[in-house]
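Spelled out, the chains give:
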Amino acid sequence: METLKLNGDFRRVYGRGKSLAAPALVTYALRSRRGKCRYGITASKKVGNAVERVRCRRVIREALRTLDKPPRGSWDLVFVARGKTKHMKSTQIQEIMRDHLAKLGVI
């Protein structure tokens, strides 16, 4: 999987993609034509200071990396950390992520 880097890519997924929200994670998914799956992770200043935001991104990245079923097909995914993310472990985030991706039809 590759990462989303450009602001325009994130905006396209936010605007046209489908989303699901939980107290610890928001997931946006948009089918793409690139032939591969890409993901992006964000954490706003509402989450906390820089150390807490980096930890949130790291926990979400690890949950995605260890996901038992990788996303099939070509998708652009954006995961947004929320206030409760900083208090959770990657296994807890992984359960939420698996539920969101299944409901969105990604896995």
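Criteria and thresholds
Residues numbered from 1 in each chain as written. Predicted model: local features only at pLDDT ≥ 70, side-chain atom pairs only at ≥ 80, totals over all residues. Heavy atoms only, no water. Core = buried A, V, L, I, M, F, W, Y, C linked by side-chain atoms within 4.5 Å. Buried < 20%, exposed > 50% of the residue type's maximum accessible area, 1.4 Å probe, protein only. Contact = heavy atoms within 4.5 Å. Phe/Tyr/Trp six-rings, centres within 6.5 Å; stacked < 30°, edge-to-face > 60°. Helix = DSSP H or I, 4+ residues; strand = E, 2+ residues; numbered from the N terminus. Arc of directions from axis to C-beta. Polar contact = N/O pair within 3.5 Å; in protein donor to acceptor, adjacent residues only side chain to side chain. Patch = residues over 30% accessible without salt bridge, like charges linked within 9 Å, V, L, I, M, F, W, Y side chains within 5 Å. Areas by Shrake-Rupley, 256 points an atom, 1.4 Å probe, with all protein chains shown as cover. Salt bridge = Lys/Arg side-chain N within 4 Å of Asp/Glu carboxyl O. Lys, Arg positive; Asp, Glu negative; His and termini not counted. Charge placed at Lys NZ, Arg CZ, Asp CG, Glu CD. Pairing = 2+ DSSP bridges. Right-handed = clockwise from strand over helix to strand, strands pointing away.

Asker: Just to check I follow, could you spell out the nonpolar core for this structure?
Answerer: The tendency in soluble globular proteins is for nonpolar side chains to be buried as a group. Among the nonpolar cores identified, the biggest contains 27 residues, and Ile60, Leu77, Phe79, Ile93, Met97, Leu101 and Val106 are the most heavily contacted of them. Setting aside residues no more than four positions away along its own chain, phenylalanine 79 makes contact with Leu25, Val26, Thr27, Tyr39, Gly40, Ile41, Thr42, Ile60, Leu64, Met97 and Leu101. Grouped together as the second largest cluster of nonpolar side chains are eight residues, Leu4, Val13, Val26 and Val80 included.

Asker: Got a minute to help me understand the packing of aromatic side chains in this structure?
Answerer: Pairs of aromatic rings are described using the distance from one ring centre to the other and the angle between the two planes. Tallied over the full model, the rule gives two aromatic pairs. For the pair phenylalanine 10 and tyrosine 14, a centre-to-centre distance of 6.5 Å together with 45° between the ring planes defines the contact as tilted. Of this pair, phenylalanine 10 and tyrosine 14 both sit in helix α1 (residues 7-16), separated by four residues, roughly a single helical turn. Linked through ring pairs, Phe10, Tyr14 and Tyr28 together constitute an aromatic cluster.

Asker: Even after reading the chapter, I still don't get α1, so can you show me in this structure?
Answerer: Along an α-helix, residues three or four apart share an orientation, since each turn contains 3.6 residues. When α1 is considered as a whole, its buried residues turn out to be Asp9, Phe10 and Val13. Angularly, the buried residues of α1 cover 100° about the axis, an arc narrow enough to put them on a single face. Residues of α1 that are exposed and point over 90 degrees away from its buried face: Asn7, Arg11, Gly15 and Arg16. Its buried side turned inward, α1 meets β3 (25-31), β4 (38-42) and β5 (75-81).

Asker: Help me out: how do you make sense of the side chain of histidine 100 in this one?
Answerer: Secondary-structure assignment places histidine 100 in helix α3 (residues 90-104). On the basis of relative accessibility, which here comes to 5%, the residue histidine 100 falls in the buried class. A polar side-chain atom of histidine 100 sits 2.9 Å from a polar atom in the side chain of threonine 27. In contact with histidine 100, other than residues within four places in its own chain, are Leu20, Ala21, Ala22, Leu25 and Thr27.

Asker: Which parts of the structure should I look at to understand a positive patch on the surface?
Answerer: A surface patch of like charges, here positive, comprises Lys18, Arg31, Lys69 and Arg72. In this structure arginine 31 comes out as exposed when scored by relative accessible area, which is 55%.

Asker: What exactly am I supposed to notice about the pairing of β5 here?
Answerer: Sheet faces and side chains relate simply in a regular strand, where the side chains alternate between the two faces. In terms of residue burial, β5 counts as a mostly covered element, since seven of its seven residues are buried. The two faces of β5 match: Trp75, Leu77, Phe79 and Ala81 on one face and Asp76, Val78 and Val80 on the other face are all buried. Sheet topology note: the β3/β5 ladder contains seven bridges and is antiparallel. What sits directly across from alanine 29, in β5, is leucine 77. One ladder, built from five bridges, connects β4 with β5; its direction is parallel. Considered in β5, the bridge of glycine 40 is made with valine 78. Following the chain from β4 across helix α2 (residues 50-65) to the adjacent parallel β5, one finds a crossover that is left-handed.

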